[in-house]
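Listed below are the residues making up each chain.
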Amino acid sequence: MWNYEKRLQYPVNITQPNAKIAQYIMSQYGGPDGEISASMRYLSQRFTMPNRMAAAVLNDIATEELAHLEMVSTIVHQLTRDLSMEEIEKSGLGPYYIDHTVGVWPQAAGGVPFNACEFQSKGDPITDLFENLAAEQKARSTYDNILRVVRDMPEIADPIKFLRAREVVHFQRFGEALRSIQEELDAKNFYAFNPSFDNPCTASCEGCK
Amino acid sequence: MKQNCSRQQLMARINEVSFAVNDMNLYLDTHPCDEKALVYCRELVQERKKLLKEYAEIYGPLTIDSTVWTEESVWKWMEQPFPWEKEGGCR
């Protein structure tokens, strides 16, 4: 269950529309390493976490990602609000405009629609947490790529820097969650079995009958 | 503080304190016995509650729970702008 707050996690106030930049930043809404993908990934994976700490980290980071997708979609909305037809056509936003006008719709910068195949939910906490560590780094790289483009536009760069910094914090917390699970496993072979499925372990670990 | 705080300043303070709560939440998930962090988080949560109440009393509720119920029969939540809106507009 969630409650809504009528504010953004970090303020976004963009005064200059920019169709081209909107098309780039849209990727962090519905692209392969975007915030929808992040939130849906963690919300789906949390059910098979074998300890309370890992489940809490997934649950609470997924919740924060919802706030991030709201920030990114706000950036996209404010960048496309009040665009002229000329700007739309000149910037290359034309094909998007034909299907969505300037409504916010989840797709990658290259136009690929959002799709659940952007993430996995493997039902194995070691597998899932390694994916999440990679996901946070991929999102961080994408924000770095965006920042190189918007570095001279502080009203866009400022919230993007905030979002980038959160990827780093989430990476740290996922690392700690992973360690908490590994500490409860056979130190000689973390991958001997799936702690969320093999109960008692029936996979490859010694002593399994 | 109460009177000379503009709406924007109060919102900025709410954002700051709420962010600190978000970050402490994640930190405490993986460090549940850090006493210093627990004390800090408790102070932040109390401050956040106070600020949300103050905001609701002057400008209207940011959360349903902080709604101030008065004799007026108006749904105050609806009067609050969404955070992406341009000032003075609805979009």
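The structure contained in this document is the topic of the report that follows. (Residues numbered from 1 in each chain as written. Chains lettered and ligands numbered in written order. Predicted model: local features only at pLDDT ≥ 70, side-chain atom pairs only at ≥ 80, totals over all residues. Heavy atoms only, no water.)

Comments concerning the layout of surface pockets
Empty space among the atoms can be located by rolling a probe the size of a water molecule over them.
Phase 1 of the analysis: Roughly 1100 Å³ of volume is contained in the largest pocket.
Phase 2 of the analysis: Lining the largest pocket are 30 residues, with N3, E5 and T63 of chain A together with N22 and R48 of chain B sitting closest to its centre.
Phase 3 of the analysis: Within the residue set of the lining of the largest pocket, elements represented by two or more residues are α4 (52-80) of chain A together with α1 (7-30) and α2 (35-58) of chain B.
Phase 4 of the analysis: If one sorts the elements of the lining of the largest pocket by residue count, α4 of chain A sits on top with seven residues.
Phase 5 of the analysis: Of the residues in the lining of the largest pocket, the class split is 12 nonpolar, nine polar and nine charged. (1 Å grid on protein atoms, 1.4 Å probe; cavity = no way out; pocket = protein on both sides within 12 Å on 5 of 7 lines; lining within 4 Å. Points joined across faces, edges and corners; volume = space filled by probe spheres on them. Helix = DSSP H or I, 4+ residues; strand = E, 2+ residues; numbered from the N terminus. Nonpolar A, V, L, I, M, F, W, Y, C, P; charged D, E, K, R; others polar.)

Points about the nonpolar core
Residues and elements named next belong to chain A.
Phase 1 of the analysis: With 29 residues, the main nonpolar core has I25, I75, L79, V150, I156 and I160 as its most contacted residues.
Phase 2 of the analysis: Considering every element that reaches this core, the biggest residue donor is α4, with six residues.
Phase 3 of the analysis: When residues no more than four places from it in sequence are discounted, the contact partners of I25 are V72, I75, V76, L79, I146, I156 and I160. (Core = buried A, V, L, I, M, F, W, Y, C linked by side-chain atoms within 4.5 Å. Buried < 20%, exposed > 50% of the residue type's maximum accessible area, 1.4 Å probe, protein only. Contact = heavy atoms within 4.5 Å.)

Focus: the pattern of salt bridges
Phase 1 of the analysis: Here the structure, examined in full by the defined rule, presents 14 salt bridges over all chains.
Phase 2 of the analysis: With a closest N to O distance of 2.6 Å, E64 of chain A and R166 of chain A form a salt bridge. Taken as a pair, E64 of chain A in helix α4 and R166 of chain A in helix α8 (residues 154-182) lie far apart in primary sequence, 102 residues in all.
Phase 3 of the analysis: As a salt-bridge pair, D23 of chain B and R166 of chain A come within 2.9 Å of each other at their nearest N and O atoms. Placement of D23 of chain B in helix α1 and of R166 of chain A in helix α8 is noted, with the two residues assigned to different chains.
Phase 4 of the analysis: A single salt-bridge network, built from bridges that share partners, covers R13, E16, E47 and K50 of chain B. (Salt bridge = Lys/Arg side-chain N within 4 Å of Asp/Glu carboxyl O.)

Digging into the packing of α1 of chain B against α2 of chain B
Residue and element names in this part refer to chain B.
Phase 1 of the analysis: Two numbers describe how α1 lies on α2: the axes approach to 9 Å, and their chain directions differ by 150°. In terms of orientation, α1 and α2 fall into the roughly antiparallel class. The crossing of α1 and α2 is left-handed. (Axes fitted to C-alpha atoms, helices over the stretch in contact; angles between N-to-C directions. Parallel < 35°, antiparallel > 145°, perpendicular 65-115°, else oblique. Left-handed = near helix turned anticlockwise from the far one by under 90°.)

Focus on the packing of aromatic side chains
Phase 1 of the analysis: Tallied over the entire structure, the rule returns nine aromatic pairs over all chains.
Phase 2 of the analysis: Aromatic pair Y55 of chain B and Y59 of chain B: ring centres 5.1 Å apart, planes at 55°, arrangement tilted.
Phase 3 of the analysis: Here Y55 of chain B falls in the buried class, since its relative accessible area comes to 3%.
Phase 4 of the analysis: Each residue in the set Y4 of chain A together with W77, F82 and W84 of chain B is aromatic and connected to the rest through ring pairs, giving one cluster.
Phase 5 of the analysis: It is K6 of chain A that lies over the ring of W77 of chain B; its NZ or CZ is 4.9 Å from the centre.
Phase 6 of the analysis: Sitting over the face of the ring of F82 of chain B, K6 of chain A holds its NZ or CZ atom 4.4 Å from the ring centroid. (Phe/Tyr/Trp six-rings, centres within 6.5 Å; stacked < 30°, edge-to-face > 60°. Lys NZ or Arg CZ within 6 Å of the ring centre and 35° of its normal.)

What about empty space enclosed by the protein?
Residues and elements named next belong to chain A.
Phase 1 of the analysis: With the rule as written, the count across this model stands at one cavity of 30 Å³ or more.
Phase 2 of the analysis: Taken together, Q28, D33, G34, E35, A38, R41, Y42, E65, A135, E136, A139 and E167 make up the lining of the largest cavity.
Phase 3 of the analysis: Considering each element in turn, the lining of the largest cavity owes the most residues, four residues, to helix α3 (residues 35-45).
Phase 4 of the analysis: A per-class count over the lining of the largest cavity returns four nonpolar, two polar and six charged.

A word on the interface of chain B and chain A
Phase 1 of the analysis: Taken residue by residue, the interface counts 27 residues in chain B and 26 residues in chain A.
Phase 2 of the analysis: With both sides pooled, the region where chain B packs onto chain A buries about 2400 Å², and carbon together with sulfur makes up 55% of that total.
Phase 3 of the analysis: Linking chain B with chain A are three salt bridges.
Phase 4 of the analysis: For the pair chain B and chain A, the number of links is 12 residue pairs in polar contact (both at pLDDT 80 or more).
Phase 5 of the analysis: Listed by contribution, the elements that provide at least two residues to the side of chain B that touches chain A are α1 and α3 (76-79) of chain B.
Phase 6 of the analysis: Ranked by residues supplied to the side of chain B that touches chain A, first place goes to α1 of chain B with 12 residues.
Phase 7 of the analysis: Its residues placed into classes, the side of chain B that touches chain A shows 13 nonpolar, eight polar and six charged. (Buried area = accessible area lost by both parts, 1.4 Å probe. Polar contact = N/O pair within 3.5 Å; in protein donor to acceptor, adjacent residues only side chain to side chain.)

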